[in-house]
2 protein chains.
Amino acid sequence: MHQLRFEHENLTQRICFGSGSARTLLAAEVERLAAERVMLIASAREAERAGSITAGLPIAHRHSEVRMHVPVEAAEHARACAARHDVDALVCIGGGSAIGLAKAVALATGLPIIAVPTTYAGSEATTVWGMTDNGRKTTGVDARVLPRAIVYDAELTLSLPVAMSVASGLNALAHCVDGMWGPRADPIDQALAVEGIRALWIGLPAVAANSRDLAGREHVLYAAYLSAAAFSSAGSGLHHKICHVLGGAYNLPHAQTHAVVLPYVLAYNAPAVPHIQRRIAAALGASDALDGLQRLRRQLDAPKALSDYGFRESDIDEAVAAILPGVPDNNPRQVTAEDLGHVLRAACRGSDPATISQPIESQP
Amino acid sequence: MHQLRFEHENLTQRICFGSGSARTLLAAEVERLAAERVMLIASAREAERAGSITAGLPIAHRHSEVRMHVPVEAAEHARACAARHDVDALVCIGGGSAIGLAKAVALATGLPIIAVPTTYAGSEATTVWGMTDNGRKTTGVDARVLPRAIVYDAELTLSLPVAMSVASGLNALAHCVDGMWGPRADPIDQALAVEGIRALWIGLPAVAANSRDLAGREHVLYAAYLSAAAFSSAGSGLHHKICHVLGGAYNLPHAQTHAVVLPYVLAYNAPAVPHIQRRIAAALGASDALDGLQRLRRQLDAPKALSDYGFRESDIDEAVAAILPGVPDNNPRQVTAEDLGHVLRAACRGSDPATISQPIESQP
């Protein structure tokens, strides 16, 4: 039995979940805030859907200037609009960009946000904000940017293509796995992460088989919430440190990189933490975590090798050097350059991750 | 795959967990609140321990008039003291009575509470307050009474006698089980409840075997938090409706009543919700939930029959009539008077709860 020593922070947030109920749930949350002048943030592409979801709300300003990565100028313009229209609440409908813009306004103004996510990105469940200035990204953590309420309506995700849903779902799965052993992972994060893995295991195959499977969509959306909540509390573990470098330095596609790398990190770490391995396995309906993950990946026809996305074995030494300093001290296995080379080589080739599970000779 | 439709509310609260660290964790939380005039609520019996935990804090008033069930006069006196001493934060050290008194002050004043629990009662994790006026109990729910921070130091629970720890732990287990199917039980409650069951299954046998087992104590204390959080969100299910009537009308002892009744309720409900049954079972390290619970109860030498505590078979009809109207509509099985009679008769005699699991003929 291991010792329990942790700090966990809960923040005020209502999670309202109901398919087909976005409009009624949103109306109730706006009323709960007693908001009288709402700023609606939704891209022009979302305008029609946003219009029907917000019908009847006291909207003082509709803001459709939603851009990826929240450019600083866009944030400043949105803040100016919020001030000019004297708004008292922000409602954002969309994915990470719309939610990110609402967060940028909340950061400066303290205005409460109600988020209606239409993707599985999970930003609505975190205190993390981000903005870009001439392509340079700044991020921060502030409790004020956490939406006061989230309205989850899985019908809004029915139109996400299967491939994107699967990639995004596997990204959520990676958040859950890192949520088990990230630098600040606590038992509550782990409980939420395990629940997220379970929900993805239920939902993702259903969505992959039929993009209109509403119950499957609900489970993936629910898991997106859990994965973001667990991951933002636990912090980036080995998996995300690897993917961050691969995405940044080698321009590999985000979702595919996560999908490929995850089984190798799991294979590497899991043998060192059998109690965590067993919990991940159980959540995947398997007796072994890696077996369970690989079975799920096969069902989803998930990406297999980094070489398919432009990463080359000749990049490995450089990548290892860039990743190693960022590996959390509390990673279940102490990570050597040689180990990391093995992991990246296997991920590059798409070879069987079970080979990584074997104790590596250089390992103490 | 079932549909997901729920509302879940997270409230701001920090959970700080570290054995032997009450003093340093508490000091950090007082500083985080920037409190300069603390009111310390701790019974005279706790005075010495409370003194050492709070050494160095800016204490404006020490309040030791802590009584069971928070009599209204005691609450009013404590509020007057808070005002007279111009306090800006409440620190309570103790069990349900100390925390209950702090809640009564917070309810009237909005003062933030930091709770340092010394029992497994769990009140620190809920928005529920209670007071008694001439023996009549009033309870309510208010977000203001939720402690802003909880400092859990399992060393403070080492002196709880084993029998009381086991009874209190089984009470927490009952909270978790009702957290799976209470009237407002949502998937997040269920995930927390399952984690609580798991922690009790780990911790309780260790504490029963050795009252000084610190890691065991940590797991029970952690579970007490989870069980209270899950239960207060999910609301009273069948188990608590039964125990509430038995405790009130027949004066049966609280903890023992819970300990006896739980397996019968589990046996009755579980067959109707196989997915929940499997999750409880897994958390108890068993393939069947009832088997797992009974194995744990044997390890703990838990109470077996209500007749041992003064309940008689001739009381059953009256008890059934009192319980039935309170049974939640969404209980996994529709409960008839006949069913409830079977459950109470078995619990009274202490007969094998597995007999309850059989479909009862009157069941639709």
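Procedures and definitions
- Residues numbered from 1 in each chain as written.
- Chains lettered and ligands numbered in written order.
- Predicted model: local features only at pLDDT ≥ 70, side-chain atom pairs only at ≥ 80, totals over all residues.
- Heavy atoms only, no water.
- Domains from an automatic or database assignment.
- Contact = heavy atoms within 4.5 Å.
- Buried area = accessible area lost by both parts, 1.4 Å probe.
- Polar contact = N/O pair within 3.5 Å; in protein donor to acceptor, adjacent residues only side chain to side chain.
- Salt bridge = Lys/Arg side-chain N within 4 Å of Asp/Glu carboxyl O.
- Axes fitted to C-alpha atoms, helices over the stretch in contact; angles between N-to-C directions.
- Helix = DSSP H or I, 4+ residues; strand = E, 2+ residues; numbered from the N terminus.
- Parallel < 35°, antiparallel > 145°, perpendicular 65-115°, else oblique.
- Left-handed = near helix turned anticlockwise from the far one by under 90°.
- Buried < 20%, exposed > 50% of the residue type's maximum accessible area, 1.4 Å probe, protein only.
- Pairing = 2+ DSSP bridges.
- Right-handed = clockwise from strand over helix to strand, strands pointing away.

(A) Representation of the domain arrangement of chain A within the structure. Residues and elements named next belong to chain A. By domain assignment, chain A separates into domain 1 (14-157) and domain 2 (162-362). Distance between the C-alpha centres of domain 1 and domain 2: 29 Å. Across the contact, 15 residues belong to domain 1 and 13 residues belong to domain 2. Across the domain 1 to domain 2 interface the summed buried area is about 1,300 Å²; carbon plus sulfur atoms make up 73%. Seen at the junction of domain 1 and domain 2, the total is three residue pairs in polar contact (both at pLDDT 80 or more).

(B) Fine view of the interface of chain B and chain A. Taken together, the 35 residues of chain B in the interface contact 35 residues of chain A. Note on chain B versus chain A: buried area summed over both sides is about 3,500 Å², and carbon and sulfur give 53% of it. Per-residue buried area on chain B facing chain A is highest for B:Met1, B:Leu4 and B:Asn10; these three make up 19% of the total on that side. Across the contact surface, chain B and chain A share six salt bridges. As a salt-bridge pair, B:Arg14 and A:Glu9 come within 3.2 Å of each other at their nearest N and O atoms.

(C) Local environment of the packing of helix α3 (residues 72-84) of chain A against helix α4 (residues 96-109) of chain A. Residue and element names in this part refer to chain A. Their axes nearest at 9 Å, the elements α3 and α4 cross at an angle of 60°. As summarised for this structure, α3 and α4 are arranged oblique, according to the angle between their axes. Handedness of the α3/α4 crossing: right-handed. Of α4, the residues touching α3 (which contributes Ala74, Ala75, Ala78, Arg79 and Ala82) are Leu101, Ala104, Val105, Leu107 and Ala108.

(D) The pairing of strand β3 (residues 38-41) of chain B, seen in detail. Residue and element names in this part refer to chain B. Along β3, one buried face is formed by Val38 and Leu40 and the opposite face, lined by Met39 and Ile41, is buried too. Bridge count between β3 and strand β4 (residues 59-63): four bridges; the pairing is parallel. Looking across to β4, one finds that isoleucine 41 is bridged to histidine 63. Between the parallel pair β3 and β4, the chain is carried across by helix α2 (residues 47-53), and the sense of this crossover is right-handed. Sheet analysis places β3 next to strand β5 (residues 89-94), joined by four bridges and oriented parallel. Counted as the bridge partner of valine 38 is alanine 89 from β5.

(E) Region of the structure containing the sheet that holds strand β9 (residues 149-152) of chain B. Strand order in this open sheet of seven strands is β1(A)-β2(B)-β9(B)-β6(B)-β5(B)-β3(B)-β4(B), and the pairing throughout is mixed. Strands at the two margins of the open sheet, each flanked by one partner only, are β1 (5-10) of chain A together with β4 of chain B. The average angle at which neighbouring strand axes cross in this sheet is 15°, direction not considered. The sheet strands contacting helix α3 (residues 72-84) of chain B are β3 and β4 of chain B, and the helix crosses β4(B) at an angle near 165°.

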